[in-house]
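Descriptive analysis of the structure
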Amino acid sequence: MNKLKLFFAAIGGWFKKTGISVGRWFKSWVAETDGKRPKFVSVGLWFKNWIYEVDGKPNHFVKIGRSIKYLFVPYGDNEPKLKILVKSQGFSSLISSVAAAVTGLIIGLIIMLIANPAKAFPGFLTLLGGGFNNGLKGIGDVLYYATPIMMTGLAVGFAFKTGLFNIGATGQYTMGMFGALFVAHNLKTVVTGDFLWVICILSGFVFGMAWGFIPGIFKALLNVNEVITAIMTNYIGMYLVDMLIKNNPLLYDSTHNWTNYMPANSNLPKWGMTTLFPNSYANAGFIIAIGVAIILYIILNKTKFGYELKACGMNKNAARYAGISEKRSIILAMVISGGLAGLGGAIAMQAGLKGTYTPNNTLATQGFDGIAVALLGTSNPVGIIFSALFFAHLKQGGFFLQNAGFKNEIIDVIVGVTVYFAAFALFFKGLWKKLIVSKKVKAAVTPNEPNENVANENSVKAEGEDK
Amino acid sequence: MEVFYLIFQQTLMIAVAIAMVSLGGMFAERSGVINIALEGIMIIGAFFGTYFINAIQTNKVDMDPQLMLIVALVIAAIAGGIMSLLLSFSAVNMKADQTIGGTAINMMAPALVIFIARTLNNTKNVPFDNTFFIRDELFLSKIPVIGDLFFKNTYITVYIGIAIWIIATIVLYKTKFGLRLRSCGEHPQAADSVGINVYKTRYIGTLISGMLGGLGGMMLIAVTVGAYSGTVNGYGFLALAVMIFGQWKPIMIMLAAIFFALMNTISSFYISIPFLHNLGLPADVFKMLPYIAVLIVLAFTSKKSRAPKAEGIPYDKGLR
């Protein structure tokens with residue numbers, strides 16, 4: 001009884017706290033709070049700042065000009081910004097990803113040369129051309145194909161950031177597809193409005209979350225390696241979905257051995273994508289995926305929740321010592337990751353191309369592609385957007401490659417090789433540091449600047465320890 | 001009784017194949033390398049093995065079927081071993097994340113296999129005739145019960161597998177190499193300090209792992225299907241679960257493999273078992289069975305898990 005009272009008191013307290021802070025936020029727009037100007041005034045000043053000096057600060061154009069200047073010119077004691085950027089952690093990640101992708105492509109070229117030397121080079125160019133082989137429609141199609149693997153990539157990458165390897169994205173993706181399918185067919189007579197797609201997408205998210213929960217709880221409470229359980233849930237999910245579909249006449253079209261097509265009002269809207277890329281399959285899914293990536297970036301980098309998750313991923317003992325519940329973090333991370341993969345499945349199902357699922361006991365490949373996408377994007381939501389586009393571009397290239405007389409499995413080989421080399425990130429980063437940073441150290445050894453030399457060496461050491 | 005014999009024989013041949021792969025996983029993990037690439041290694045091994053049989057049969061080379069199978073197994077083992085070098089290079093030399101390196105091999109292997117098959121034959125299937133099935137040829141099959149259980153409706157792979165299992169147990173526990181291998185998986189720094197070459201031992205451990213993985217893949221395909229289509233249905237991962245269930249010990253691994261093989265046999269033969277057939281459950285329920293069994297078993301055994309302490313951690317001499 002006492003516990004119940006405490007529970008309600010906690011809820012009450014939360015509402016009170018939130019209410020007060022929301023109230024203060026509204027007030028801060030019109031009145032001075034915490035010694036800061038009212039927000040309306042600040043906004044006005046910001047606009048004014050474009051032309052006039054405010055608070056002694058020069059106007060925005062001058063600031064922008066300066067920041068461009070300092071990209072190349074040293075600012076006080078600091079090095080030029082561009083140099084700092086080149087030496088930064090993020091840039092070396094980018095370099096290592098590019099190196100992995102290039103190596104993958106080169107090995108792909110070698111395999112093509114072995115398989116068919118005469119056609120290898122034109123074929124390789126077709127492959128590199130990717131979606132551009134087909135003009136604007138091709139680009140739109142690349143966006144369409146990139147969307148599901150971007151979502152599974154975000155799912156896997158989010159889990160990586162929290163120290164978990166979610167190899168179960170395939171099962172969660174399948175579950176998301178089933179969620180959208182199941183809800184759409186059950187509600188199509190009830191909900192006739194155009195907003196059915198929202199419900200379907202959300203149900204895909206929820207189904208994916210449920211499937212991500214299993215490895216999460218196994219890892220958190222029973223300490224079972226999430227890789228094995230996730231793989232098992234992949235197969236269980238696939239067989240389960242096949243079974244549920246085959247035994248449900250509402251969903252199953254037994255003459256074709258696939259499900260009935262998604263009802264028209266459950267398909268995603270276009271949001272202008274077909275105007276931009278005429279005749280292509282592109283749809284709102286891509287924009288939703290970009291939005292999700294941005295939200296994830298904010299959660300991971302700007303919120304306390306994201307910080308806790310990352311802390312658990314980096315060192316769970318330290319996180320526990322700091323008062324973070326690592327079990328809660330593991331379960332939440334897996335659930336969110338599963339939800340993202342499920343969302344990807346729902347988006348793929350609702351893309352508007354007579355969405356259907358064929359229950360023939362095969363695993364969805366998008367989940368495994370998501371691993372590749374996440375690794376190449378170094379688990380960074382922004383990096384994942386680009387690596388998903390890269391892989392989708394390659395897949396489109398593989399589609400055109402078939403006309404050039406090659407089997408399009410070569411794409412999967414290239415993807416695999418790329419992942420293999422993406423695992424060498426440490427090596428590539430080390431190489432990059434050797435090439436760029438150590439050169440700086442040598443250059444800095446000039447008789448009149450002994451101090452800088454020492455400082456540089458220290459910074460090299462510090463970066464080395466980061467590894 | 002006929003049904004019982006059928007299930008027993010079927011279980012044994014699948015159990016031996018799974019046990020080979022699990023033993024492979026064991027050798028790698030005991031040396032300190034997580035070999036999640038077993039699935040891919042099985043795929044590669046099975047492909048080259050079946051391709052050899054296919055080549056012999058289509059060219060009508062006169063070769064004893066049992067000998068042909070044995071050569072195919074050797075080829076599969078070599079192919080698996082070569083594939084595993086990719087993993088040991090990334091895990092030992094490059095100190096990369098072993099799970100990622102393994103996943104890359106798992107992604108590469110089926111694509112490579114299907115690419116080769118389709119480039120050579122225009123189809124991803126590699127068909128072969130099952131001429132090496134031993135129905136009732138062995139004279140030992142005359143022994144009343146044991147003959148029925150072990151020497152009828154079987155494959156030579158069962159005997160090879162059991163022999164390898166015994167050898168593996170002896171190597172792990174009774175030889176200098178086995179001791180060194182185990183020490184590298186438990187405490188590589190200590191092993192290095194007494195003069196054991198950790199890198200070399202891990203390379204050898206992973207190589208053995210790859211060879212057993214390829215061998216197991218070929219065994220599995222030889223006893224289950226008549227045409228290889230570039231997949232082993234997640235048995236590589238199942239074998240890893242078997243290894244965990246078997247607590248990284250050869251004898252326990254064999255028992256665990258038999259348990260999972262039984263689950264698998266039930267899932268494929270439930271129609272001929274009246275009791276299960278009468279339940280009227282959909283086929284997919286039985287197909288799920290081995291995987292659900294893994295989950296349940298892991299839930300119960302994980303608390304007292306005795307995994308090698310240094311598995312998954314790249315060995316860095318500088319940290320000694």
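A look at the overall build of chain B
- The number of helices and strands found in chain B is 13 helices and two strands.
- Against the globule reference of 20 Å for 320 residues, chain B gives a C-alpha radius of gyration of 20 Å, in line with a compact fold.
- Once the C-alpha set of chain B is aligned to its principal axes, its extents read approximately 60 × 45 × 40 Å.
- Considering chain B as a whole, with its 320 residues, one finds that 55% of them fall into the buried category.
- Summed over all atoms, the accessible surface of chain B reaches about 13100 Å², with 68% contributed by carbon and sulfur.

Quick look at the overall build of chain A
- Across its full length, chain A carries 20 helices and two strands.
- Looking at chain A as a whole, 47% of its 467 residues are labelled buried.
- For chain A, the proportion of contacts with a sequence separation of at least 24, taken over those separated by at least 6, is 71%.
- Accessible area of chain A: about 23300 Å², with a carbon and sulfur share of 67%.
- Taking the average location of the 42 positive side-chain charges in chain A and that of its 22 negative ones, the two points are 4 Å from each other.

A word on the interface of chain A and chain B
- In this complex, chain A contributes 45 residues to the contact, which on the side of chain B involves 44 residues.
- Between chain A and chain B, roughly 3800 Å² of surface is buried when both sides are summed, and carbon and sulfur atoms account for 80% of that area.
- Considering only the side of chain A, the residues that lose the most area to chain B are Met 232, Lys 407 and Tyr 420 of chain A, jointly responsible for 18% of the buried surface there.
- Linking chain A to chain B there are two salt bridges.
- Here Lys 246 of chain A makes a salt bridge to Asp 284 of chain B, at a shortest N to O gap of 3.9 Å.
- Counting the contacts that link chain A with chain B gives five residue pairs in polar contact (both at pLDDT 80 or more).
- Those elements that provide at least two residues to the side of chain A that touches chain B are helix H5 (89-115), helix H9 (196-222), helix H10 (226-246), helix H16 (366-376), helix H18 (409-422) and helix H19 (425-444) of chain A.
- A per-element tally of the side of chain A that touches chain B places H10 of chain A first, with 13 residues.
- The class makeup of the residues in the side of chain A that touches chain B is 31 nonpolar, eight polar and six charged.

Some points on the confidence of the model for chain A
Residue and element names in this part refer to chain A.
- When pLDDT is averaged along chain A, the result is 85; 93% of the residues meet or exceed 70.
- For chain A, helix H20 (residues 450-466) is the element with the lowest average pLDDT, namely 42, and helix H15 (residues 326-349) is the one with the highest, namely 95.
- Within the model, pLDDT remains below 50 along residues 445-467, and this stretch shows 17 contacts once partners closer than five positions in the same chain are excluded.

What about the side chain of Thr 201 of chain B?
Residue and element names in this part refer to chain B.
- Checked against the element boundaries, Thr 201 lands in helix H9 (residues 198-224).
- Within the structure, Thr 201 has its side chain in polar contact with the backbone oxygen of Asn 197 (distance 2.6 Å).
- Every residue in contact with Thr 201, bar those within four places of it in the chain, is listed here: Ser 31, Arg 180, Leu 181, Cys 184 and Ile 196.

Observations regarding the packing of aromatic side chains
- One pass over the structure, following the stated rule, counts 38 aromatic pairs over all chains.
- Aromatic pair Phe 160 of chain A and Phe 165 of chain A: ring centres 5.2 Å apart, planes at 15 degrees, arrangement stacked.
- Owing to a relative accessible area of 6%, Phe 165 of chain A belongs among the buried residues under this scheme.
- Judged by centre distance (6.0 Å) and plane angle (70 degrees), the rings of Phe 424 of chain A and Phe 89 of chain B are edge-to-face. Linking Phe 424 of chain A in the loop between H18 and H19 with Phe 89 of chain B in helix H3 (residues 65-93), this pair reaches from one chain into another.
- Cluster of aromatic residues (ring-pair linked, three or more members): Trp 25, Phe 26, Trp 29 and Phe 40 of chain A.
- In this arrangement the basic side chain of Lys 137 of chain A is found over the ring face of Tyr 281 of chain A, its NZ or CZ atom lying 4.4 Å from the centre.

Observations concerning helix H13 (residues 283-301) of chain B
- The end-to-end C-alpha distance of H13 of chain B, which contains 19 residues, comes to 28 Å, matching closely the 27 Å that a straight helix rising 1.5 Å per residue would cover.
- Of all the bends in H13 of chain B, the largest measures some 40 degrees and sits at Leu 289 of chain B, one to four residues before the proline Pro 290 of chain B.
- Among all positions in H13 of chain B, only Asp 284, Phe 286, Met 288, Pro 290, Tyr 291, Ala 293, Val 294, Leu 295, Val 297, Leu 298, Ala 299 and Thr 301 of chain B are buried.
- The inward-facing, buried residues of H13 of chain B abut H9 and H10 of chain A together with helix H10 (235-245), helix H11 (250-269) and helix H12 (274-277) of chain B.

Quick word on the pattern of salt bridges
Residue and element names in this part refer to chain A.
- The tally for this structure, following the rule as stated, stands at 10 salt bridges over all chains.
- Between Asp 412 and Lys 395 there is a salt bridge, with its nearest N and O atoms 3.5 Å apart. Highlighted residues: Asp 412 in helix H18 and Lys 395 in helix H17 (residues 381-401), separated in sequence by 17 residues.
- Relative accessible area serves as the criterion here: at 29%, Asp 412 is assigned to the partly exposed category.
- Exposure remark for Lys 395: the relative accessible area of 29% places this residue in the partly exposed category.

Some thoughts on H9 of chain B
Residues and elements named next belong to chain B.
- A rise of 1.5 Å per residue sets the reference length of H9, with its 27 residues, at 39 Å; its end C-alpha atoms lie 38 Å apart and thus fit the reference within 8%.
- Of all 27 residues in H9, 19 are buried; the element is thus mostly enclosed.
- For H9, the side-chain oxygen to backbone nitrogen distance between the N-cap and Tyr 199 is 3.2 Å, and the N-cap itself is Asn 197.

Comments concerning the packing of helix H6 (residues 156-174) of chain B against H11 of chain B
Residues and elements named next belong to chain B.
- In contact at an axis separation of 9 Å, H6 and H11 are set at 150 degrees when each is read in the N-to-C sense. Here H6 lies roughly antiparallel to H11, going by the angle between them. Here Trp 165, Thr 169, Leu 172 and Tyr 173 of H6 lie close against H11, whose contacting residues are Pro 250, Ile 251 and Met 254.
- Along the lines of polarity and charge, the residues of the contact of H6 with H11 split into six nonpolar, one polar and no charged.

Cut-offs and rules
- Residues numbered from 1 in each chain as written.
- Chains lettered and ligands numbered in written order.
- Predicted model: local features only at pLDDT ≥ 70, side-chain atom pairs only at ≥ 80, totals over all residues.
- Heavy atoms only, no water.
- Helix = DSSP H or I, 4+ residues; strand = E, 2+ residues; numbered from the N terminus.
- Rg over C-alpha atoms; globule rule 2.2 N^0.38 Å.
- Buried < 20%, exposed > 50% of the residue type's maximum accessible area, 1.4 Å probe, protein only.
- Areas by Shrake-Rupley, 256 points an atom, 1.4 Å probe, with all protein chains shown as cover.
- Contact = heavy atoms within 4.5 Å.
- Lys, Arg positive; Asp, Glu negative; His and termini not counted.
- Charge placed at Lys NZ, Arg CZ, Asp CG, Glu CD.
- Buried area = accessible area lost by both parts, 1.4 Å probe.
- Salt bridge = Lys/Arg side-chain N within 4 Å of Asp/Glu carboxyl O.
- Polar contact = N/O pair within 3.5 Å; in protein donor to acceptor, adjacent residues only side chain to side chain.
- Nonpolar A, V, L, I, M, F, W, Y, C, P; charged D, E, K, R; others polar.
- pLDDT = per-residue confidence, 0-100.
- Phe/Tyr/Trp six-rings, centres within 6.5 Å; stacked < 30°, edge-to-face > 60°.
- Lys NZ or Arg CZ within 6 Å of the ring centre and 35° of its normal.
- Expected span 1.5 Å × (residues − 1).
- Bend = angle between axes of the 7 residues up to and from the residue.
- Axes fitted to C-alpha atoms, helices over the stretch in contact; angles between N-to-C directions.
- Parallel < 35°, antiparallel > 145°, perpendicular 65-115°, else oblique.

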